[in-house]
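Tertiary structure, described
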Amino acid sequence: MTESGGGTSPDKDLAGETEPPGADASGVPAQRTPADKADKADKPAEPAESAEPTESTEPAETAEPAESAGPAGATGGAEPAGAAAEGVQGFGRTVLDSILSANTVTVTVLAVFIALVVGAILIVISDSNLTSEYGYFFSEPGTVLGDSWSVVGGAYANLFKGSVFDPATLSGAISGTNSWSQAFAPLSETLTYTAPLVFTGLAVALAFRGGLFNIGAQGQAILGAIGGALVGFELHLPYALHLIVALVGAALGGALWAFIAGALKARAGAHEVIVTIMLNNVATLFLTWLIVQKGVHDPTRSDAISKNVDKTARLPTIPGVDHSVVRVHLGIVLGVLVALGVAWLLQRSTIGFRLRAVGANPSAARTAGMSVGGAYILVMVLSGALAGLGGGMQVLGTTASSLTGQVTANIGFDGITVALLGRGKPWGVVASALLFGALHAGGNRMQSYSHVAIDLVVVLQAVIVIFIAAPALVKAIFRLRAARSGGTPTTLAKGW
Amino acid sequence: MATLTVYGSPGTAVPTQGFWTRARKAGLAFVVIGVVAAAVFGPLAKRHGHARFTFTETITGAHLDIPAQPGAIAFGLLCALAGAALLVTARTARLLTLLTGLALIFLVLSFLCWQVASGHNSTVLPLGQLAQSTVKAALPLVFGALGGVLCERSGVINVAIEGQLLTGAFAGALFGTIFSSTWAGLIAAALGGVFISALLAVLAIRYLVDQVVLGVVLNLFALGFTGFVFTQLMAPHQDKYNFAPVFPTWQIPGLASIPILGPALFQGNLFLYLAIVLVIVVHVALFHTKWGLRTRAVGEHPTAADTVGIKVYWTRYRNVLLAGVIAGIGGAYLTIGDVGNFNNNQTNGTGFIALAALIFGRWSPVGATLAALLFGFSTALAQVLSVIGSPIPQEFLSMLPYAATIVAVAGLVGRVRAPAADGKPYLKG
Amino acid sequence: MVEPGEIHALLGENGAGKSTLMNVLYGLLQPDEGEILVDGEPKRFRGPGDAIDAGIGMVHQHFMLVPVFTVAENIMLGAESTRGGLLNRRSARQRVLEVSRQYGLPVDPDATVEDLPVGVQQRVEIVKALVRNVDLLILDEPTAVLTPQETDELLAVMRTLKAAGKSIVFITHKLKEVKAIADRITVVRRGRTVGTATPDASEDSLAAQMVGRTVKLRVDKQEAHPGEPVLTVGGLTVLDERGQVAVDGVDLEVRAGEVLGIAGVQGNGQTELIEAIMGLRPVQDGQIMLHAGRAGTGRDAGGRRAAAREGSLSLVGRRTRDILRAGVGYVPEDRSADGLVMEFSVAENLVLDRYDDPQYASGIALSPSAINRAARDRIAEFDVRTSSHLAPVGTLSGGNQQKVIVAREMSSPLRLLVAAQPTRGVDVGSTEFIHARVVRERDQGTGVLLVSSELDEVVALADRIAVMYRGKVLATLPADAPREQIGLLMAGVTDEPAPEKDT
């Protein structure tokens, strides 16, 4: 079936019930209880969101009209008087409803909140000073809780200072004790981390929409980094042209790697989850081997690192700032543009139509004359190209300028969480990439200033996504009113 | 139709029929591969003398010397011959398995004749050691895959095996050190696996989260959680939190001295014997007990199970939690069964290979174990060959298990049939 | 209320709430209000287990059998006997054989359920209930998947059970069977009891109670004017998923301006036949040719646009897309699995197989305005009841979903329309509408290939009837052939010796 939670119920409900020839008020079975009826009237509004005819930047915007249109459309004007009365007080209630109900924005915010609470607990239990204090918790509970609070507060403050802004550097910049560059450094770090995540997030999201779970963004990013870097230091071309060719190289590298998984899925029916996981490992090993090969390895270095990418192939940064602190580069702009392109591709192009149809119901797509295998290959190639560009960001941007074993860090796996948090929609991906980029940037500062390991960021990411995927759970924890599910982006529950 | 859920999309469900049955295709492939092996490995082994295979764990003792070039060519041709036999005769399933196995063995031998003879450091391959490494590498896979069998037979996809193994390894080391007891570590490891399983069960069964996605996210959670505590607590204070005792090796007198297989199957610690017992127990339980019948019914057709009064949710919860126990213990093998300490991301993808073994073994305990042994063998081979100084770069040898998995999932298995309700949440009514 | 030793029929249209009622009775669903009395005592069933304990058994419309289990395993499931912790398969087998002898229901306890024909699977279901010593047996639409002959056998079994003192609730929408067997009849409509009747009530009055107004039992149509063939199928052999021969050397001919109905019990190769024609299933052997047929009225099949492509076209090995573009319309038998993308809007579903036509897209850019305009036209023309053309099609009722498919397939000129189970699970109003559109399509010169497991539908719509049995077309009859003759053919009984199933 389709997504989890309430998403399945409407068609189930209606399939069992035949529409009466004259759709009059008596069409509603008489013995249904009022609560039942209200429940039913609500339901048709749910899928409206997942289908979403027009892509919108703010999920709440689409949610609101859908909610008010839903009941009216479903009851078919059976209660005209009530509808008119509702119209008067409708707006205020809608706003309140959208806050109190478990809609996507509320769920996201609450999921982030829960994650921070879980993180706080982890910080406290893993701090060896605090754990020793907990031995005398009952004699001095105030001190212990106070200390815990200051440790957690300090860590999260650094998380914020490292990702958005640090009041100290801001006032320093105003009073002239430090440069403006330093004041903007945290934001720049956030955007630098965001750029590759936008690409890998879009890669995974696009595959989701095409009905595939591309866990292989990591491997594709590695091949992308290799492609970009090889073009970057093996070819010598003028400015701009070199960058473009290098980006193409990165995209091709990722596309090639993903093509293997797509082709095996289409031709042999091999499950893409298994194949892409294995390809990730192969890619990592291949990279390890490649960087020490003659012609790739930097002859001036003894460690495993490749030559440097030419200046002509680097992504430009902001002119006139201190590049050692403000590292943000063109990648983030490219990311937003590509998100725009993906949004258009999905909603407004024949390719996207086919891809979404295959993703939502492969048998119906096949019956309608679409080539399902072809669509799988296409979606994997596109997805791989995006992931490859994400890898390219790493070597062509300011994060690194040469290949090392860890050059792509974890951007591929993070792309999965980004796509899930973004619910498979391009603008959602951009927003969640920004959030996770900020967590990474802040996590670095948290690690060095508060001595809280950056691994915490991974926990936060996982917890956020778990709760996003289970909106009913968030609803249960916070006792929110039943509302539309903001579940996982697309039809994946199809078993092996 | 629930009965026809195949491993693959409906868009590609084309039956292989007519003359080119799966057996014939495989046969043809082996003929080609065998001839290519003979033609490639033979000349490559030309300048080398003999390859020596000892039947013990060391490079001394009973052995067999095979001249490199003739050996490589002969075994390549034997592989082709087995393929030809498959092409001509095979129609029955038993012959298919037998001939496929033979062809694979000959192929490996052909490859080994060249590899061993051309080793930089040594031209001796101790088969006993190879077998022992195979089993060692396979152990966590066996536990993980058995956990997967329990889980998926009841209809819950378990991609979180990796997370269960990792949490088990972590908890085993941490609590094994704190209580300085291997048994405490073992219990903690089981509970660690159950912790991840409980999240999987509640979110998949109660909250209907997509199970594949959930598994991936739970793996991430386990990775972050164990990594965080490791970096914060265990790494800075190794002696206090990460220095666990290890289970002692028990040798079964007599049996342990059987050539090749003895050291592999009858010389190991608790985990080895536990794995052997578990494979048998799970097999018998699944196919010959009331519990197993009900588990399989719930995994195949939960509504039918419900209509005869079986509690579907309860069955699934129980199985998923049980899977956590087994996988958690399997994870503990990596720490308190082997090296004693935990490292960040210690499992490093083992759980995913266990998942592949589960699928390759067609959701059966015995099949999954054989698949795990196959993957264990490719890992062991990579290790052994890098020790004897193979001309093939180490990285490519390490790719072997992954490449084998891809080939297995894509080609050899064909379309395997998962439990019909695997991954489908059960909704009453 | 059901008396002991009584056969009580519950009569109602598809979706009237019969199955829901019985699922409540069986403990699968919980009642919102009201109570259930067993032997005069109110009972509350929290699960099927409670219902079984109270002596109630149910044979579901969709069999509740685990396909990969053996008959004995299925029957013992939930009431297993064990010995030393292990399953006692021998005692289970004996119990099965005992019950099957006692009531004359032959089943092989060691056969795997998925290999059994549906009629036998149903017997297994009945044995499964009887092994649990039920007093009341609920049969939910038991005849839907049976041949007329198998139906007769089932009715005989029901009489045996009644004689043994068991009570039976027989849920159906088929009037003839009700009249043949029921002691009492309760008619339900839209979740309410609308009346009770005795078996001597006339069919017309029962039908009127069932649907709430007088129904047309016949489809209004003129005489057909069949022209040249648009589709010829010769010696077609197709395999099913398991590699068994499902279509076995079928020869067919559909002429322009006629409806060729294919009658047969479900699972006799009809699905595979049409999937092969549509390029959805590989063809082992034989030909499928599409011709630019000319109807008897002189009209070209497919109208002006299709007529430009004169000549014949072999469909074997061709892609579905090309077959659709060649002027073939296809209404698949399972609309939610194959016909519609439920998350897509009505508008998107209406162009699902034409989305890249120049009229809806330029290059790779879709033209939403053209798609929406076309959608609004179709919705009006085909009377699709939806809140908006942008509403997800999953929110529509079954009948309206089916109308979306029909509208899509009939929105371009056709040479051939392949319609499989076009009115399955569809309400009466939509059924009438769809039938009328099929007839209209025929009168425009399209050849129609209709597959339906409802013999009534085939008889009402078809101009000629081909009967399929075990992958073969046993005979092609005129539409006015006697029903008994069609029924016998559906059961594989011909004047010639019955065809052996090939290995």
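Residues numbered from 1 in each chain as written. Chains lettered and ligands numbered in written order. Predicted model: local features only at pLDDT ≥ 70, side-chain atom pairs only at ≥ 80, totals over all residues.

**What to know about the overall build of chain A**
Each helix and strand in chain A was counted, giving 21 helices and 0 strands. Expressed as a percentage of its 496 residues, the buried residues of chain A come to 56%. Long-range pairs, those at least 24 residues apart, make up 76% of the contacts in chain A between residues at least 6 apart in sequence. (Helix = DSSP H or I, 4+ residues; strand = E, 2+ residues; numbered from the N terminus. Buried ≥ 20, exposed ≤ 12 C-beta atoms within 10 Å, placed from the backbone. Contact = placed C-beta atoms within 7 Å.)

**A few points about the overall build of chain B**
Looking only at helices and strands, chain B has 17 helices and 5 strands in total. Taking 2.2 N^0.38 as the reference for a compact globule, 429 residues should give roughly 22 Å; the C-alpha atoms of chain B span a radius of gyration of 23 Å, in line with that estimate. Expressed along its principal axes, the backbone C-alpha trace of chain B runs to roughly 65 × 60 × 40 Å. By the burial criterion, 60% of the 429 residues in chain B qualify as buried. A sequence separation of at least 24 residues applies to 77% of the contacts in chain B between residues at least 6 apart. (Rg over C-alpha atoms; globule rule 2.2 N^0.38 Å.)

**Concerning the domain arrangement of chain B**
Residue and element names in this part refer to chain B. Along its sequence, chain B is carved into domain 1 (22-118) and domain 2 (129-412). The C-alpha-based centres of domain 1 and domain 2 are spaced at 31 Å. Each side of the interface is counted separately: domain 1 has 6 residues, and domain 2 has 9 residues. Considering only residue class, the side of domain 1 that touches domain 2 consists of 3 nonpolar, 2 polar and 1 charged. (Domains from an automatic or database assignment. Nonpolar A, V, L, I, M, F, W, Y, C, P; charged D, E, K, R; others polar.)

**Things to note about the sheet that holds strand β3 (residues 124-126) of chain B**
Residue and element names in this part refer to chain B. Reading across from one edge, β2-β1-β3 is the order of the 3 strands in this open sheet, with mixed pairing throughout. Each edge of the open sheet is held by one strand with a lone partner, namely β2 (63-67) and β3. When the angles between neighbouring strand axes are averaged without regard to direction, this sheet yields 20 degrees. Where strand β1 (residues 50-54) lies against β3, 3 bridges are found, and the strand directions are parallel. Bridge assignment links Thr54 to a residue of β3, and that residue is Pro126. In the packing of helix α2 (residues 68-88) onto the sheet, the strands contacted are β1 and β2, and the crossing angle to β2 comes to about 85 degrees. (Pairing = 2+ DSSP bridges. Axes fitted to C-alpha atoms, helices over the stretch in contact; angles between N-to-C directions.)

**Digging into the sheet that holds strand β13 (residues 259-263) of chain C**
Residue and element names in this part refer to chain C. Taken in spatial order, the 6 strands of this open sheet run β16-β19-β20-β13-β21-β22, and their pairing is mixed. Every interior strand has two partners, whereas the edge strands, β16 (328-331) and β22 (472-478), have only one. Each adjacent strand pair in this sheet contributes to an overall mean axis angle of 15 degrees, direction not counted. Pairing geometry for β16 and strand β19 (residues 416-420), over 4 bridges, is parallel. Each bridged residue has a counterpart across the sheet, and for Val328 the counterpart in β19 is Leu416. Its contacts with the sheet put helix α9 (residues 270-277) on β13, β19, β20 (447-451) and β21 (464-469), and the angle it makes with β19 is roughly 150 degrees.

**Brief notes about the environment of Val384 of chain B**
Residue and element names in this part refer to chain B. Position of Val384 among the secondary structure elements: in helix α15 (residues 365-388). Separated by 255 residues in the primary sequence, Val384 and Gln129 place their C-alpha atoms 8.4 Å from one another. Non-local contacts of Val384, meaning those with residues more than four positions away in its chain, are made with Leu125, Gln129, Leu130 and Ser133.

**Describing the interface of chain B and chain A**
Taken together, the contact pairs 52 residues of chain B with 52 residues of chain A. If you list the elements that add at least two residues to the side of chain B that touches chain A, you get α7 (211-234), α14 (350-360), α16 (394-398) and α17 (400-412) of chain B. The element that contributes the greatest number of residues to the side of chain B that touches chain A is α7 of chain B, accounting for 17 residues. A breakdown of the residues in the side of chain B that touches chain A according to their chemical character gives 32 nonpolar, 15 polar and 5 charged.

**Quick word on the UniProt feature "transmembrane region" (unreviewed entry) in chain A**
Residue and element names in this part refer to chain A. Cross-referencing UniProt, the feature "transmembrane region" (unreviewed entry) maps to residues 99-125, 190-208, 215-233, 239-261, 273-292, 326-346, 367-389 and 452-474 in the present numbering. Helix makes up 90% of residues 273-292 and strand 0%. Its end C-alpha atoms lie 30 Å apart. When the span residues 367-389 is considered, its composition is 83% helix and 0% strand, and the gap between its end C-alpha atoms is 34 Å. (UniProt positions renumbered as here; feature names shortened; annotations may be inferred.)

**Some remarks on the packing of helix α10 (residues 180-209) of chain A against helix α18 (residues 411-421) of chain A**
All names here are of chain A. In the contact formed by α10 and α18, the axes pass within 7 Å of each other and the chain directions differ by 60 degrees. Classed by the angle they form, the pair α10 and α18 counts as oblique. The way α10 lies across α18 gives a crossing that is right-handed. Between α10 and α18, the residues in contact are Pro196, Leu197, Thr200, Gly201, Ala203, Val204, Ala205 and Phe208 and Ile411, Gly412, Asp414, Gly415, Ile416, Val418 and Ala419, respectively. Split by residue class, the contact of α10 with α18 holds 10 nonpolar, 4 polar and 1 charged. (Parallel < 35°, antiparallel > 145°, perpendicular 65-115°, else oblique. Left-handed = near helix turned anticlockwise from the far one by under 90°.)

**So, the confidence of the model for chain B**
All names here are of chain B. The pLDDT averaged across chain B works out to 85; a share of 92% of its residues lies at or above 70. Taken element by element, chain B is modelled with least confidence in α17, mean pLDDT 79, and with most confidence in helix α10 (residues 270-288), mean pLDDT 95. Confidence estimates for the predicted assembly give a pTM of 0.83 and an ipTM of 0.84. (pLDDT = per-residue confidence, 0-100.)

**Re α9 of chain C**
Residue and element names in this part refer to chain C. Extensive coverage of α9 is indicated by the burial of 8 of its 8 residues. Listed in full, the buried residues belonging to α9 are Gln270, Thr271, Glu272, Leu273, Ile274, Glu275, Ala276 and Ile277. Positioned one or two residues after α9, Gly279 has a phi angle of 75 degrees, which is positive.

**Here we look at α18 of chain A**
Residue and element names in this part refer to chain A. Across the 11 residues of α18, 11 count as buried, placing the element largely inside the fold. Buried within α18 are the following residues: Ile411, Gly412, Phe413, Asp414, Gly415, Ile416, Thr417, Val418, Ala419, Leu420 and Leu421. At the exit of α18 stands Arg423, carrying a positive phi of roughly 55 degrees.

**What about the nonpolar core?**
Within the largest apolar cluster, 441 residues are counted, with the highest numbers of intra-cluster contacts made by Cys113 and Ala357 of chain B. With 16 residues, α10 of chain A is the largest single contributor of residues to this core. Setting aside its immediate chain neighbours within four residues, Cys113 of chain B contacts Phe41, Ala45, Ala51, Ile66, Ala68, Gly71, Ala72 and Phe75 of chain B. (Core = buried A, V, L, I, M, F, W, Y, C linked by C-beta atoms within 7 Å.)

**Re the environment of Ile486 of chain C**
Residues and elements named next belong to chain C. Within the secondary structure layout, Ile486 lies in helix α18 (residues 483-490). A tally of 21 C-beta atoms within 10 Å means that Ile486 is categorised as buried. With 16 residues separating them along the chain, Ile486 and Arg470 place their C-alpha atoms 15 Å apart. Ile486 has contacts with Ala263, Leu455, Ile465, Val467, Leu477 and Ala481, leaving out every residue within four places of it along the chain.

**Points about the pairing of strand β10 (residues 192-197) of chain C**
Residue and element names in this part refer to chain C. For strand β9 (residues 184-189) and β10, the ladder comprises 5 bridges, and the chain directions are antiparallel. Paired with Arg189 across the strands is Arg192, a residue of β10. Taken together, β9 and the strand that follows it, β10, pair antiparallel across an intervening segment of 2 residues, in which Arg190 is found at a positive phi of about 45 degrees.

**Side note on the packing of helix α5 (residues 161-178) of chain B against helix α6 (residues 182-206) of chain B**
Residue and element names in this part refer to chain B. It is at 7 Å that the axes of α5 and α6 come closest, and there the two elements cross at 145 degrees. Where α5 crosses over α6, the handedness of that crossing is right-handed. When α5 is examined against α6, the residues Gly163, Gln164, Thr167, Gly168, Phe170, Ala171, Gly172, Ala173, Phe175 and Gly176 are found in contact with a partner set consisting of Thr182, Ala184, Gly185, Leu186, Ala188, Ala189, Leu191, Gly192, Gly193, Phe195, Ile196 and Ser197. Of the residues contributing to the contact of α5 with α6, the split by class is 11 nonpolar, 11 polar and no charged.

**Things to note about the confidence of the model for chain A**
Residues and elements named next belong to chain A. Of the residues in chain A, 75% reach a pLDDT of 70 or more, and the chain-wide mean stands at 78. Residue range residues 1-88 is modelled with pLDDT below 50. Its contacts to residues more than four positions away, or to other chains, number 136 contacts. Confidence over residues 483-494 falls short of pLDDT 50; this stretch has 58 contacts with residues more than four positions distant or in other chains.

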